[in-house]
Amino acid sequence: EVAGFIPLQVLGREAASCLSCFKHWAESTFGSVTAAFDAFLPAGRTELTIREFRLTARQLQYQGETKRLVEYLDLDGAKKLTKHDVLFLEDWHVTPTGNGGGDGGRK
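Model, not experiment: these values are computed from the prediction. All residue numbers refer to position in the chain's written sequence, counted from 1. Where totals are concerned, whole chains, interfaces and linings use all residues; where local detail is concerned, this predicted model gives features only for residues with pLDDT of at least 70, and gives and counts side-chain atom pairs only at 80 or more. Calculation of side-chain values draws on the structure's entire complement of heavy atoms; hydrogens and water are dropped beforehand.

Sorry, what's going on with the side chain of Asp-85 here?
Put simply, DSSP marks the helices as runs of H or I at least four residues long and the strands as runs of E at least two long, and each gets a number from the N terminus on. Within the secondary structure layout, Asp-85 lies in helix α6 (residues 83-87). Pairing of N or O atoms within 3.5 Å defines a polar contact, subject to two protein rules: one partner must be a possible hydrogen donor and the other a possible acceptor, and residues neighboring in sequence count only if both atoms are side-chain atoms. Reaching out from Asp-85, the side chain makes a polar contact with the backbone nitrogen of Thr-82 at a distance of 2.8 Å.

Right under this line is the structure:
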């Protein structure tokens, strides 16, 4: 475990499943999680409100549970998301069961 990071398994099975679903969709649709987040952003913006994120996810055909997803991404409770909030998913290794594992973690 890296100092200052919480392994995703600690967040629980539901969180790991929700985050892995989003990671899989983002990678299969856009090539990476950060590319997906960039697709969510209007030109010139660096952050989205939770409402904007959920609406854009639906518009981009994301079928997962967006309410739970933003709860797992917005850990500081700022009610907005930046690329930093999703960046950790780039290094998170998803096991065949869909749960996070490996050296990925959430700060």
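Is there a simple way to explain the packing of helix α2 (residues 13-30) against helix α5 (residues 66-73) in this structure?
Each pair of packed helices can be summarised by the angle the axes make with each other and by the distance between the axes. Remark: α2 packs on α5, axes separated minimally by 10 Å, with the N-to-C direction vectors making an angle of 100°. With respect to α5, the axis of α2 lies roughly perpendicular. Together, Glu-14, Ala-15, Cys-18, Leu-19 and Phe-22 of α2 and Arg-68, Leu-69, Tyr-72 and Leu-73 of α5 make up the contact between the two elements. Simply put, an axis is a line fit to the C-alpha atoms, just over the touching stretch for a helix, and the angle between two N-to-C directions goes from 0 to 180 degrees. We call two directions roughly parallel when the angle between them is under 35 degrees, roughly antiparallel when it is over 145, roughly perpendicular when it lies between 65 and 115, and oblique otherwise. We call two residues in contact whenever any of their non-hydrogen atoms come within 4.5 Å of each other.

So what exactly am I meant to see when it comes to the nonpolar core here?
One recurring pattern in soluble globular proteins: nonpolar side chains tend to sit buried together. Of all hydrophobic cores here, the largest spans 26 residues; its most connected members are Leu-19, Phe-22, Phe-53, Leu-69, Leu-73 and Leu-89. The set of elements that each furnish at least two residues to this core consists of α2, α3 (33-40), α4 (50-59) and α5. Looking at this core, the element that brings in the most residues is α2, giving seven residues. Buried Ala, Val, Leu, Ile, Met, Phe, Trp, Tyr and Cys residues that are joined via side-chain atoms within 4.5 Å together make up what is termed a nonpolar core. Here's how the labels work: a residue is buried when its accessible area is under 20% of the maximum for its type, exposed when over 50%, partly exposed in between, all with a 1.4 Å probe on protein chains only.

How should the pattern of salt bridges be read in this particular structure?
Pairing is possible between side chains of opposite charge, provided their charged atoms come close. Salt bridge, as used here, is a side-chain nitrogen of Lys or Arg placed within 4 Å of a carboxyl oxygen of Asp or Glu. In this structure the tally under the stated criterion is six salt bridges. Taking the shortest distance from any N to any O, the salt bridge between Lys-83 and Asp-38 comes out at 2.8 Å. One end of the pair, Lys-83, is in helix α6; the other, Asp-38, is in helix α3, and 45 residues separate them in sequence. Given a relative accessible area of 35%, Asp-38 falls into the partly exposed group. One salt bridge in this structure joins Arg-45 and Glu-52, with 2.8 Å as the shortest N-O distance. Looking at Arg-45, the relative accessible area reads 33%, which means it is partly exposed. Owing to a relative accessible area of 26%, Glu-52 belongs among the partly exposed residues under this scheme. It is possible to trace a salt-bridge network through shared partners that takes in Glu-14, Arg-68 and Glu-71.

Is there a simple way to explain the confidence of the model for the chain in this structure?
For every residue, the predictor reports its confidence as pLDDT, a number between 0 and 100. Here the chain averages 83 in pLDDT, while 77% of its residues score no lower than 70. Within the model, the stretch residues 96-107 combines pLDDT values under 50 with 38 contacts to residues more than four positions away or in other chains.

Would you take a moment to explain the packing of aromatic side chains for this structure?
Two numbers describe a pair of aromatic rings. These are the distance of the centres and the angle of the planes. Between the rings of Phe, Tyr and Trp (Trp by its six-membered ring), a pair exists once the centres lie within 6.5 Å; its type follows the angle of the planes, with under 30 degrees stacked, over 60 edge-to-face, and the other angles tilted. Going through the model one piece at a time under the given rule, you end up with eight aromatic pairs. Consider the rings of Phe-22 and Trp-25, whose centres lie 5.8 Å apart with planes at 35°: the pair is tilted. Highlighted residues: Phe-22 and Trp-25, both in helix α2, separated by three residues, approximately one helical turn. Note on Phe-22 and Phe-53: the rings are 6.0 Å apart at their centroids and 55° apart in plane angle, and the pair reads as tilted. A residue pair is termed long-range when its members are at least 10 positions apart, and Phe-22 in helix α2 and Phe-53 in helix α4 qualify at 31 residues. Its relative accessible area of 0% is what places Phe-53 among the buried residues.

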